[in-house]
Amino acid sequence: MAYRVLARKYRPQRFEDVYAQEHITRTLSNAINLNRIAHAYLFTGPRGVGKTSMARIFSKSLNCVHGPTPEPCNVCDNCVEITAGTSSDVIEIDGASNTSVEDVRDLQRELMYATSKSKYKIYIIDEVHMLSKSAFNALLKTLEEPPENVIFIFATTEPHKILPTIISRCQRYDCRRIPVEDIVKQMQSIADSEEISFDEDALYTVARKADGSMRDALSLMDQVISYGSQEITGELVQSIFGILPAETYIEMLDHVQKRDSTGLLVKLRQILDSGNDLQEFLNGYLDTLRNLLLLKVGVDLHELPASIINELKLRSQQFTENDLLYMISLLIKAKTDARFGSDPVLLTEMVFIKLTRISEIQSLDTMIEMLNKQPVESRQETEAFSGIQKEILHYTRDRETEKIVQEVKKQKPEVENLDLAYVQGRWEDFIKKLQREKLQLSAIYLQEGKILTVRDNLIEVELKSPTAMSSMQRNLEDIQACAQKHFGIKPRFKFTVCEPEQEQYILNPTLEQIREETPELAEFIEMTKSKVESRTPTKLNQ
């Protein structure tokens, strides 16, 4: 017989075998006992928590020869066929492969046929959110009033992608993530059945990595067993999946508490040189700090072995809540900086050096409280206020090293207000910067333009064409942002289009016009009886 993976071999076959979903299994069992069977159900939740398994168990409960019953026998022909996925009355459909309207129409035609040997014809559609909108709309009427013996069961990990009109026609059940303790219990039971030894640390490591999914946990367990050992230890699991042991993080916490920056950096270098991923390491360290904080505020942990919890309880007494909150905030920021920074290892080393100075930093809230206790009229006169002010300044600088960079950025610009000479002197470099910012067309138009005035940080530029004006208006925000970086002050721009040169003409004057300007010439024209003829205007440039 072919080998079956653990996730299939130990798949739940009864409602009582389903972990952490009692709110669903109890409701379905009561509905069967009370004969209150709906025509459509929707199971939602993360992967590997039992959605499809519950759909199959519910189908067996309804179609068992001894049912409907909340406890199917699992031995009759109907139960065996449903378990094997070969029942002609329980059809499982992959929503990702049958997304079109034609697929829904084929399904609707099948609804007209009677069941072969079961009471209900049940359609289980997995990943139903993959159906197209038109397919959903085609299914609406059928879903609302299906044939009397037809039941739909939908399963999905993304219910927000399903049309509200579909959800409103179903009974919706939201599955929960499976707690680590429940996963560990199931894995221990399976290990006993398979006659394989798992120590507690190995079980908890696999369960935490599964992230609430029983199927993922069993797949990881299968992988570990395939490594070839009959005795699975925590060290073996950690080496297979590249997970650092909890003792490593505890050792690093000891370096932080002792202000041993050298030992901390040496340990960090050993971890990275061993090939461990930096982001995974930071995630693990953050998880350790989270556990410390939870223990500090009195929350019980059930996700770790008892030995590790005892060690963490001892370390939690060495830090205050504010210390832990500060360290967590630093690590969260370090994760982002390391992901997008050019030198993530350097950034991480700087953060860990900073962690070793945590004992020097007092609570900012305490200092503010001390400051508020000082009388208003005497705050600037007392030495206490001066000392507090220095402590706040020291704390702020120590907590936010990057503020030094921010202060540099906030330095005053070379000039407070732009003037024509300053802008003209730096205009050519500004054009080049625009070209580097991939605004070549705008740069060309500005280069061809002419600076008219600069007043109150308003730069008025005369452009040569309406086309240039249109380009400037489209890219105005980018141009202003680039100008702010270049000039140190965010200017405003006003664009105008130069008027075309007007053609000037010489017009022949009339006799009355000549008399007004040159009376002698008019008198001569009258004496000689000359005529002033009207002629076509002549251009000046001709």
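## A word on the pairing of strand E2 (residues 90-94)
No. 1: The pairing of E2 with strand E3 (residues 121-126) spans five bridges and is parallel. Bridging across to E3, Val90 finds its partner in Ile122.

## A short note on helix H9 (residues 200-210)
No. 1: Among all positions in H9, only Ala202, Leu203, Tyr204, Thr205, Val206, Ala207 and Ala210 are buried.
No. 2: Structurally, H9 contributes buried residues whose contacts are with helix H8 (180-194), strand E6 (197-198), helix H10 (214-225), strand E7 (231-232) and helix H11 (234-241).
No. 3: Just past H9, the residue Asp211 takes up positive phi, approximately 55°.

## A few points about the nonpolar core
No. 1: Counting 52 residues, the largest nonpolar core has Ile153, Phe198 and Met221 as the members making the most contacts within it.
No. 2: Discounting residues that sit within four places of it in the chain, Ile153 has contacts with Tyr41, Phe43, Ala55, Phe58, Ser59, Ile122, Tyr123, Ile124 and Ile125.
No. 3: Leu264, Leu312, Met327 and Ile328 belong to the second largest nonpolar core, which has 37 residues in total.

## A few points about the layout of surface pockets
No. 1: In this structure, the largest pocket encloses a volume near 920 Å³.
No. 2: Along the wall of the largest pocket there are 36 residues; nearest its centre are Arg208, Lys209, Ile243, Gly284 and Asp287.
No. 3: For the lining of the largest pocket, the elements supplying multiple residues, two or more each, are H9, H11, helix H12 (246-257), helix H14 (278-296) and helix H15 (306-316).
No. 4: No other element matches the nine residues that H14 contributes to the lining of the largest pocket.

## Quick look at the pattern of salt bridges
No. 1: Counted under the stated rule, the structure contains 20 salt bridges.
No. 2: Across the salt bridge formed by Glu194 and Lys9, the nearest N and O atoms sit 2.9 Å from each other. Of this pair, Glu194 sits in helix H8 while Lys9 is found in helix H1 (residues 6-9), placing the two residues 185 residues apart along the sequence.
No. 3: Here Glu81 ties to Lys117 by a salt bridge, and the two come within 2.9 Å at their closest N and O atoms. Taken as a pair, Glu81 in helix H4 (residues 77-84) and Lys117 in the loop between helix H5 (101-110) and E3 lie far apart in primary sequence, 36 residues in all.
No. 4: The partly exposed category is assigned to Glu81, whose relative accessible area is 21%.

## Quick notes on empty space enclosed by the protein
No. 1: Using the criterion set out here, one finds two cavities of 30 Å³ or more in the structure.
No. 2: By volume, the largest cavity amounts to about 40 Å³.
No. 3: Lining the largest cavity are Arg208, Asp287, Asn291, Leu301, Glu303 and Leu304.
No. 4: Tallied by class, the residues present in the lining of the largest cavity amount to two nonpolar, one polar and three charged.
No. 5: Taken as a whole, the second largest cavity holds about 30 Å³ of empty space.
No. 6: What lines the second largest cavity is simply Tyr445, Glu448, Gly449, Leu463, Lys464, Ser465 and Ala468.
No. 7: Its residues placed into classes, the lining of the second largest cavity shows three nonpolar, two polar and two charged.

## Details of the side chain of Gln480
No. 1: Assignment of secondary structure puts Gln480 in helix H24 (residues 476-487).
No. 2: Look at Gln480 and you get buried, because its relative accessible area is 15%.
No. 3: With sequence-adjacent residues up to four places away left out, Gln480 is seen in contact with Lys490, Pro491, Arg492 and Phe493.

## Concerning the side chain of Thr69
No. 1: Tracing the chain through its elements places Thr69 in the loop between helix H3 (51-63) and H4.
No. 2: Those residues within four positions of Thr69 in sequence are excluded, and the remaining contacts are Ile32, Ser61 and Cys64.

## Description of the packing of helix H21 (residues 420-436) against helix H22 (residues 440-448)
No. 1: Axis separation between H21 and H22 bottoms out at 7 Å; the angle between their running directions is 160°. As summarised for this structure, H21 and H22 are arranged roughly antiparallel, according to the angle between their axes. When you trace H21 past H22, the crossing you get is left-handed. Between H21, through Trp427, Phe430, Ile431, Leu434 and Gln435, and H22, the contact on the second element is made entirely by Gln440, Ala443, Leu446 and Gln447.
No. 2: Counted by class, the contact of H21 with H22 contains six nonpolar, three polar and no charged residues.

What counts, and where the lines are drawn
- Residues numbered from 1 in each chain as written.
- Predicted model: local features only at pLDDT ≥ 70, side-chain atom pairs only at ≥ 80, totals over all residues.
- Heavy atoms only, no water.
- Pairing = 2+ DSSP bridges.
- Helix = DSSP H or I, 4+ residues; strand = E, 2+ residues; numbered from the N terminus.
- Buried < 20%, exposed > 50% of the residue type's maximum accessible area, 1.4 Å probe, protein only.
- Contact = heavy atoms within 4.5 Å.
- Core = buried A, V, L, I, M, F, W, Y, C linked by side-chain atoms within 4.5 Å.
- 1 Å grid on protein atoms, 1.4 Å probe; cavity = no way out; pocket = protein on both sides within 12 Å on 5 of 7 lines; lining within 4 Å.
- Points joined across faces, edges and corners; volume = space filled by probe spheres on them.
- Salt bridge = Lys/Arg side-chain N within 4 Å of Asp/Glu carboxyl O.
- Nonpolar A, V, L, I, M, F, W, Y, C, P; charged D, E, K, R; others polar.
- Axes fitted to C-alpha atoms, helices over the stretch in contact; angles between N-to-C directions.
- Parallel < 35°, antiparallel > 145°, perpendicular 65-115°, else oblique.
- Left-handed = near helix turned anticlockwise from the far one by under 90°.

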